[in-house]
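# A closer look at the structure
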Amino acid sequence: DTAVSQTPKYLVTQMGNDKSIKCEQNLGHDTMYWYKQDSKKFLKIMFSYNNKELIINETVPNRFSPKSPDKAHLNLHINSLELGDSAVYFCASSQPGGGSETQYFGPGTRLLVL
Amino acid sequence: AQKITQTQPGMFVQEKEAVTLDCTYDTSDPSYGLFWYKQPSSGEMIFLIYQGSYDQQNATEGRYSLNFQKARKSANLVISASQLGDSAMYFCAMRDFTSNAGKSTFGDGTTLTVKP
């Protein structure tokens, strides 16, 4: 059973297009995240949702809009894609309180903007 | 603000030997957690080990152990009996539990290469 899944795994698109990445977790966690890993492997948090509510919104362009229809899903929509958006995007989830709050990551979505 | 520093961009180790990957951190929160993740060339992020700031003993998980020195704010990962499959990038991360809304910060990573 896949704990945190993302679709698609690879995404190649043209500049200016709009695209979405979907994330689902079956761990029963309340908190979900989006991270961006650039070409130098630096990993930075973008957003975090707890029970469908936005709790972390780092300095991310408005072209990026997360949506959480329920606590098991956190999708990322990107408008007007730019070359600099090319990266690997990771979804993660964790359970807050009462323990380590370890984050479990999805397999990543490799986005290439041409 | 929380900060994680991994000073070793790359490390080499001979198969079957032990290796230590360095991690230092900075935070003003008394309650925090420290994590290590492994990212092989296939790209997934694999959770390895966790240490809580109030844990009295160093965390261990199989061949992984965390050398936690609270006063020095260091949380080094020790891999014993290295295997070829340990070749990967390793990330240290921390999370404040009473501030920062649960935000985790990751270090820049250390690339470990295990030589046969």
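Quick look at the structure, then. (Residues numbered from 1 in each chain as written. Chains lettered and ligands numbered in written order. Predicted model: local features only at pLDDT ≥ 70, side-chain atom pairs only at ≥ 80, totals over all residues. Heavy atoms only, no water.)

Turning to the packing of aromatic side chains, a few remarks are in order. Throughout the structure, instances matching the rule amount to 12 aromatic pairs over all chains. When the ring of Tyr33 of chain A is compared with that of Tyr35 of chain A, the centres are 6.2 Å apart and the planes differ by 35°; the resulting orientation is tilted. Side by side, Tyr33 of chain A and Tyr35 of chain A carry an identical accessibility label, which is buried. The interplanar angle of 65° and the centroid separation of 5.9 Å between the aromatic rings of Tyr37 of chain B and Phe47 of chain B together place this pair among those described as edge-to-face. (Phe/Tyr/Trp six-rings, centres within 6.5 Å; stacked < 30°, edge-to-face > 60°. Buried < 20%, exposed > 50% of the residue type's maximum accessible area, 1.4 Å probe, protein only.)

This next bit is on the pairing of strand 9 (residues 74-79) of chain B. Residues and elements named next belong to chain B. Among the six residues that make up strand 9, five are buried, leaving the element largely enclosed by the rest of the structure. By the bridge criterion, three bridges tie strand 3 (residues 19-21) to strand 9 in an arrangement that is antiparallel. Each residue of the ladder has a partner; that of Thr20, found in strand 9, is Val78. Where strand 8 (residues 64-69) lies against strand 9, six bridges are found, and the strand directions are antiparallel. In the sheet register, Asn67 faces strand 9, and the bridge partner there is Asn76. In textbook terms, the turn of a hairpin is the stretch between consecutive antiparallel strands, and for strand 8 and strand 9 this stretch comprises four residues, one of which, Lys73, has a positive phi near 55°. (Helix = DSSP H or I, 4+ residues; strand = E, 2+ residues; numbered from the N terminus. Pairing = 2+ DSSP bridges.)

Next up on the list: the state of the cysteines. Taken as a whole and judged by the stated rule, the model has two disulfides over all chains. The partner cysteine of Cys23 of chain A in its disulfide is Cys91 of chain A, sulfur to sulfur 1.8 Å. Of note, the bridge from Cys23 of chain A to Cys91 of chain A carries an S-S torsion of about -75° and is left-handed in sense. Remark: Cys91 of chain A occurs in strand 9 (residues 87-94) and Cys23 of chain A occurs in strand 3 (residues 19-25); sequence separation between them is 68 residues. Given the relative accessible area of 1%, Cys23 of chain A is considered buried. One disulfide in the model links Cys23 of chain B with Cys92 of chain B; its S-S distance is 2.0 Å. Between Cys23 of chain B and Cys92 of chain B the disulfide shows an S-S torsion of about -65°. By sign, it is left-handed. Of this pair, Cys23 of chain B sits in the loop between strand 3 and strand 4 (24-26) while Cys92 of chain B sits in strand 10 (residues 88-96); the two residues are 69 residues apart in sequence, bridging distant segments of the chain. Each of the two residues, Cys23 of chain B as well as Cys92 of chain B, counts as buried. (Disulfide = S-S within 2.5 Å.)

As a further point, take the layout of surface pockets. Put simply, the largest pocket is a space of about 300 Å³. What lines the largest pocket is a set of 16 residues, and nearest its centre among them are Leu43 and Lys44 of chain A together with Gln2, Thr105 and Phe106 of chain B. Every element with two or more residues in the lining of the largest pocket is listed here: strand 5 (43-50) of chain A together with strand 1 (3-5) and strand 11 (104-106) of chain B. For the lining of the largest pocket, the per-class residue count stands at six nonpolar, five polar and five charged. Of the volumes computed, that of the second largest pocket is approximately 220 Å³. Taken together, Lys36, Asp38, Phe42, Lys44, Ile45, Met46, Glu58, Thr59, Val60, Pro61 and Phe64 of chain A make up the full set of residues lining the second largest pocket. Counting residues per element, the lining of the second largest pocket draws most heavily on strand 5 of chain A, at three residues. Here the lining of the second largest pocket is built from residues that sort into six nonpolar, one polar and four charged. (1 Å grid on protein atoms, 1.4 Å probe; cavity = no way out; pocket = protein on both sides within 12 Å on 5 of 7 lines; lining within 4 Å. Points joined across faces, edges and corners; volume = space filled by probe spheres on them. Nonpolar A, V, L, I, M, F, W, Y, C, P; charged D, E, K, R; others polar.)

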